[in-house]
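# Report on the structure
As a plain string of letters, each chain reads:
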Amino acid sequence: MISSIAELISDRIGAMPASERRAAQTLIANYPLIGLKTVAEFSAAAGVSSPTILRFVARLGFQNYPEFQSALQDELAAQLQSPATRTLNPASPGGGAVSPMLEATLDNMRETFRHLSDRQLADIAATLAHRRGKTFLIGGRFTDPLARYMAAHLAIVQPDVYHLAGQESIWRDRLIDMGKRDVLVIFDIRRYQDSLVRFAETAHQRGVHIVLFTDQWLSPIARFARHVIAGRTAVPSAWDSSAALFVVAETLIGAVTRQLETDGAKRIRELESLR
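Each value, and the rule that gives it
Residues numbered from 1 in each chain as written. Predicted model: local features only at pLDDT ≥ 70, side-chain atom pairs only at ≥ 80, totals over all residues. Heavy atoms only, no water. Helix = DSSP H or I, 4+ residues; strand = E, 2+ residues; numbered from the N terminus. Rg over C-alpha atoms; globule rule 2.2 N^0.38 Å. Contact = heavy atoms within 4.5 Å. Lys, Arg positive; Asp, Glu negative; His and termini not counted. Charge placed at Lys NZ, Arg CZ, Asp CG, Glu CD. Core = buried A, V, L, I, M, F, W, Y, C linked by side-chain atoms within 4.5 Å. Buried < 20%, exposed > 50% of the residue type's maximum accessible area, 1.4 Å probe, protein only. Axes fitted to C-alpha atoms, helices over the stretch in contact; angles between N-to-C directions. Parallel < 35°, antiparallel > 145°, perpendicular 65-115°, else oblique. Nonpolar A, V, L, I, M, F, W, Y, C, P; charged D, E, K, R; others polar. Pairing = 2+ DSSP bridges. Polar contact = N/O pair within 3.5 Å; in protein donor to acceptor, adjacent residues only side chain to side chain. pLDDT = per-residue confidence, 0-100. Salt bridge = Lys/Arg side-chain N within 4 Å of Asp/Glu carboxyl O.

## Some words on the overall build of the protein
Along the backbone of the protein there are 13 helices and five strands. Radius of gyration (C-alpha) of the protein: 20 Å, near the 19 Å computed for a compact globule of 275 residues. Reported as C-alpha extents along the three principal axes, the dimensions of the protein are approximately 65 × 50 × 35 Å. Considering only residue pairs separated by 6 or more positions, the protein has 71% of its internal contacts joining residues 24 or more positions apart. Averaging the coordinates of the 31 positive side-chain charges in the protein and doing the same for the 28 negative ones gives two points 5 Å apart.

## So, the environment of leucine 184
Structurally, leucine 184 is set in strand β3 (residues 183-187). For the pair leucine 184 and leucine 137, spaced 47 residues apart in sequence, the C-alpha separation works out to 5.8 Å. Once you skip the residues sitting within four places of it in the chain, leucine 184 turns out to touch Phe136, Ile138, Leu164, Phe199, Ala203, Val208, His209, Ile210 and Val211.

## Thoughts on the nonpolar core
Residues Leu137, Met150, Val185, Phe213, Ile229 and Leu252 are the most contacted members of the largest nonpolar core, which totals 29 residues. Those elements that provide at least two residues to this core are α8 (118-129), α9 (144-157), β3, β4 (209-215) and α12 (243-259). Here this core takes seven residues from α12, the largest share from any one element. Not counting residues up to four positions away in its chain, the partners in contact with methionine 150 are Leu128, Leu137, Phe187, Phe213, Ala249, Leu252 and Ile253. Among the nonpolar cores identified, the runner-up in size contains 24 residues, and Ala6, Ile9, Met16 and Ala230 belong to it.

## What about the packing of helix α3 (residues 39-46) against helix α4 (residues 50-59)?
Between α3 and α4, whose axes approach to 8 Å, the crossing angle comes to 100°. Classified by the interaxial angle, the pair formed by α3 and α4 is roughly perpendicular. Across the interface between the two elements, Val39, Ala40, Phe42 and Ser43 from α3 touch Ser50, Ile53, Leu54 and Phe56 from α4. Here the residues of the contact of α3 with α4 are counted per class, giving six nonpolar, two polar and no charged.

## Here we look at the sheet that holds strand β5 (residues 227-231)
Taken together, five strands build an open sheet; the order of strands is β2-β1-β3-β4-β5 and the sheet is parallel. Across the chains shown, the open sheet's two edge strands, defined by having one partner strand only, are β2 (161-163) and β5. Put simply, the sheet's adjacent strands are angled 15° from each other on average, direction ignored. In this sheet, β5 lies alongside β4 in parallel orientation, the contact comprising five bridges. When the sheet's bridge partners are listed, valine 211 is paired in β5 with histidine 227.

## Overview of the side chain of aspartate 240
Examined against the element boundaries, aspartate 240 turns out to sit in the loop between β5 and α12. A relative accessible area of 16% means that aspartate 240 is categorised as buried. Polar side-chain contacts of aspartate 240 include one of 2.7 Å to the side chain of arginine 190.

## Topic: the confidence of the model for the protein
Taken as a whole, the protein shows an average pLDDT of 91; of its residues, 94% reach a score of 70 or greater. For the protein, per-element mean pLDDT is lowest for helix α6 (residues 83-86), which scores 65, and highest for β3, which scores 98.

## Quick word on the pattern of salt bridges
Once their charged atoms are close, side chains differing in charge can pair, the charge on each being opposite to the other. For the structure on display, the rule yields 12 salt bridges. Put simply, aspartate 107 and arginine 110 hold a salt bridge, and the shortest N to O gap is 2.8 Å. With aspartate 107 and arginine 110 both in helix α7 (residues 98-114) and three residues apart, this pair spans about one turn of that helix.

## A look at the environment of arginine 198
Note that arginine 198 resides in helix α11 (residues 194-205). When its relative accessible area of 42% is taken as the criterion, arginine 198 is described as partly exposed. On a C-alpha basis, the gap between arginine 198 and arginine 172 in space is 9.6 Å, while along the polypeptide they are 26 residues apart. Other than its neighbours up to four places away in sequence, arginine 198 contacts Glu168 and Arg172.

## Points about the pairing of strand β1 (residues 135-139)
Burial runs high along β1: five of the five residues are buried. Of the two faces of β1, the one carrying Thr135, Leu137 and Gly139 and the one carrying Phe136 and Ile138 are both buried. Pairing of β1 with β2, which is carried by three bridges, proceeds in the parallel orientation. Residue pairing for β2: threonine 135 is matched across the bridge by valine 161.

Set out below in structure tokens:
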């Protein structure tokens, strides 16, 4: 599988000098559009020199800036695909209907975890386990079931966990209860939901710590998030698959439960006694 530029950055940012990290962070915060501008415009936005941008591009494995931009343009085209467009794609040869879908889903899981470091997962688990305030979870039209599933589990092992459901006006009303001690977990994959982007921006302005589950092309919410999980979602279907993100969510549920072992077990016993 060809890695997206966001995935390449995730893999290599630890080895980048500070100036190249600024270039990487600027690109992620304005993905992918800032990379489609000239080298001079990209360098000005990042506050680094033009040679730094070219070294950053080379570190990602590109021969030159036009090759880097061509890859970004391909990603942008993929990002904007609709289910109607994807139904026109030819089916994979052989194997019937099940085999290509199964193989693509398994590949998505492998690639998602290949680009997720243990450190990143541990940091997110610690954020969810040891937050001093409340945890809110929300998703888009097709990803909200993941938010609800994750919220249901986290609410068993710790207090003050809330799934934000219903109309946009209902979740926007919850912003009054959100502040710097709180965590907001958002699920958003292509084609990204404008109402979630607006909600994330306002939450960010209130100092809320945002954890984003998205796809390899990155929701615009990435610019507001402290942690970004970019999972693979493309499969041979009109519809994207959330299976890889679901497995990441279950991995984090397990990690949070282990970190809250004593308090979580006590809470589970008390909940069982009330049933």
